[in-house]
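Breakdown of the fold
What follows is the residue order along each chain.
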Amino acid sequence: MSTRTIVRRVRGLPASDGAGVKLNRIIGQRALEMLDPFLMLDEFGSDSAGDYIAGFPDHPHRGFETVTYMLNGRMRHRDNAGNEGLLESGSVQWMTAGRGIVHSEMPEQDHGLMRGFQLWVNLPAKDKMTTPRYQDIAPERIPDVEPAAGVRVRVVAGEMFGVRGPISGVATEPVYLDIALQAGAKVSTPLPENHNAFAYVFEGEGVRLDDEQLARGELAVLSAGDSVKLAANDKPARVLVVAGKPLNEPVAKYGPFVMNTPEQIVQAIRDFQTGNF
Ligand code: MN
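Model, not experiment: these values are computed from the prediction.

Of the regular secondary structure elements, the protein holds one helix and 26 strands. Here the C-alpha atoms of the protein give a radius of gyration of 18 Å, agreeing with the 19 Å that 2.2 N^0.38 yields for 277 residues. Structurally, the protein occupies a C-alpha span of about 55 × 45 × 35 Å along its principal axes. Within the protein, buried positions represent 53% of all 277 residues. If you take every contact in the protein between residues at least 6 apart in sequence, the share linking residues at least 24 apart comes to 71%. Of the charged side chains in the protein, 29 are positive and 35 negative; the average position of the first set lies 1 Å away from that of the second.

The next thing to look at is the sheet that holds strand β11 (residues 114–122). Two orientations exist for strands paired in a sheet by backbone hydrogen bonds: parallel and antiparallel. Across the sheet, seven strands lie side by side as β2-β3-β4-β11-β6-β9-β12; this open sheet has antiparallel pairing. Each edge of the sheet is formed by a strand with only one pairing partner; in this case those strands are β2 (13–17) and β12 (133–137). Ignoring which end each strand starts from, the neighbouring axes of this sheet average 20° apart. Of the strand pairs in this sheet, strand β3 (residues 21–27) and strand β4 (residues 38–46) are connected by three bridges, and their pairing is antiparallel.

Protein coordination at the manganese ion: the donors are His-59 (NE2), His-61 (NE2), His-103 (NE2) and Glu-105 (OE), at 2.1 to 2.3 Å from the metal. Each donor residue of the manganese ion belongs to the same chain, with the gaps between them written as H-x1-H-x41-H-x1-E. Of this pair, His-59 sits in strand β5 (residues 56–61) while Glu-105 is found in strand β10 (residues 101–107), placing the two residues 46 residues apart along the sequence. You'll find His-59 and Glu-105 in the same group, each marked buried.

With that settled, consider empty space enclosed by the protein. Enumeration over the complete set of coordinates arrives at one cavity of 30 Å³ or more. With three residues, β4 is the single largest residue contributor to the lining of the largest cavity. Grouping the amino acids of the lining of the largest cavity by side-chain chemistry returns seven nonpolar, three polar and two charged.

Time to look at the environment of Ile-167. By the secondary structure assignment, Ile-167 is in the loop between β16 (163–164) and β17 (175–181). Under the relative-accessibility criterion, Ile-167 is labelled buried at 9%. The spacing of Ile-167 and Ala-97 is 70 residues in sequence and 15 Å in space, taken between C-alpha atoms. Discounting residues that sit within four places of it in the chain, Ile-167 has contacts with Val-92, Trp-94, Gln-135, Ile-137, Val-156 and Ala-157.

Definitions and cut-offs
Residue indices begin from 1 for each chain and proceed along its sequence in written order. With pLDDT at 70 or above as the cut-off, local features in this predicted model cover only qualifying residues; side-chain atom pairs require 80 or more to be listed or tallied, and sums for whole chains, interfaces and linings still use all residues. Hydrogens are left out, water is left out, and the side-chain values use all remaining heavy atoms of the structure. To qualify as a helix, a DSSP run of H or I must reach at least 4 residues; to qualify as a strand, a run of E must reach at least 2; elements of each kind are numbered from the N terminus. Computation of the radius of gyration draws on C-alpha atoms, with the globule rule given as 2.2 Å multiplied by the number of residues to the power 0.38. Under the scheme applied here, a residue whose accessible area is under 20% of the maximum for its type counts as buried, over 50% as exposed, and between as partly exposed, the area being computed with a 1.4 Å probe on protein chains only. Any pair of residues with heavy atoms lying within 4.5 Å of one another is described as a contacting pair. Counted charges follow a simple rule, with Lys and Arg positive, Asp and Glu negative, and His plus the chain ends left uncounted. Where a charge sits is defined by one atom per residue type, namely NZ (Lys), CZ (Arg), CG (Asp) or CD (Glu). Whether two strands pair comes down to DSSP finding at least two bridges between them. Axis definition: a line fit to C-alpha positions, over the contact stretch in the case of helices; interaxial angles, taken between N-to-C directions, run 0 to 180 degrees. For Na, K and Ca the donor cutoff is 3.2 Å, while for all other metals N, O and S atoms count as donors only within 2.8 Å; water does not appear among the atoms, so some sites may look incomplete. Residues are said to line a cavity or pocket when one of their atoms sits within 4 Å of a point; the points come from a 1 Å grid over protein atoms alone, cavities being sets where a 1.4 Å probe fits but cannot get out and pockets being open sets with protein on both sides within 12 Å along at least five of seven lines. Grid points are joined across faces, edges and corners, and a volume is the space filled by probe spheres set on the points. Think of it as three bins: nonpolar holds Ala, Val, Leu, Ile, Met, Phe, Trp, Tyr, Cys and Pro, charged holds Asp, Glu, Lys and Arg, and polar takes everything else, Gly as well.

Here it is as structure tokens:
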């Protein structure tokens with residue numbers, strides 16, 4: 001048995017995306033360009049409508065998956081194949097863009113708190129041109145378990161503490177956990193030993209991870225190992241723990257297109273420009 005430790009710490013950078021949404025880019029910036037298979041992690045959170053109201057009007061994706069975890073607020077999603085859905089507080093959308101979609105992600109509120117994460121997960125070469133697929137998961141479909149006193153875990157993806165998260169059929173066999181710890185609570189969470197994994201503290205002041213402090217707003221890249229130990233200090237804390245199987249394939253990335261070769265990127269741009277998504 002091997003417990004995961006912190007091998008690297010990263011803080012997000014303020015960024016702006018879509019039509020001017022303010023966000024915190026944690027993966028996908030100079031300090032951490034990617035953590036195979038994770039290409040990007042954005043945290044958004046504001047109760048000032050001016051920071052989010054412009055939303056993300058029509059834009060394309062090809063070759064990977066976008067995972068939107070809404071903590072607070074409402075976002076409407078529409079794509080060029082006629083798919084539409086409303087992401088509400090506590091829901092998750094796992095979208096496999098595959099060969100391509102063009103969609104918008106727009107706030108369905110003009111005041112109040114909007115908060116959540118968007119994670120980009122790479123697809124293996126063999127699946128990059130797969131048919132687009134949506135897994136829209138309502139809040140009540142996400143198991144909420146109490147594996148230890150004072151600890152609640154929402155299992156979005158992966159099999160954990162005797163429950164299975166609702167996300168299925170993802171090539172990188174992800175684990176996606178939202179772990180809330182009361183003051184003084186602790187938990188050991190199993191993780192697939194050779195998955196790449198990170199932990200990110202998004203509420204509270206910080207936690208102990210193994211025996212080191214991890215502050216709020218700090219992402220820990222974890223060593224390999226079959227579990228991660230988290231403990232709250234004297235305040236409650238909430239931590240995102242995510243793991244995925246590394247693909248170890250070449251990555252050619254250009255904005256919202258993530259392929260294996262520059263030629264495939266040129267093709268993606270051409271297909272998008274000629275309306276072939
Ligand atoms: Mn998008």
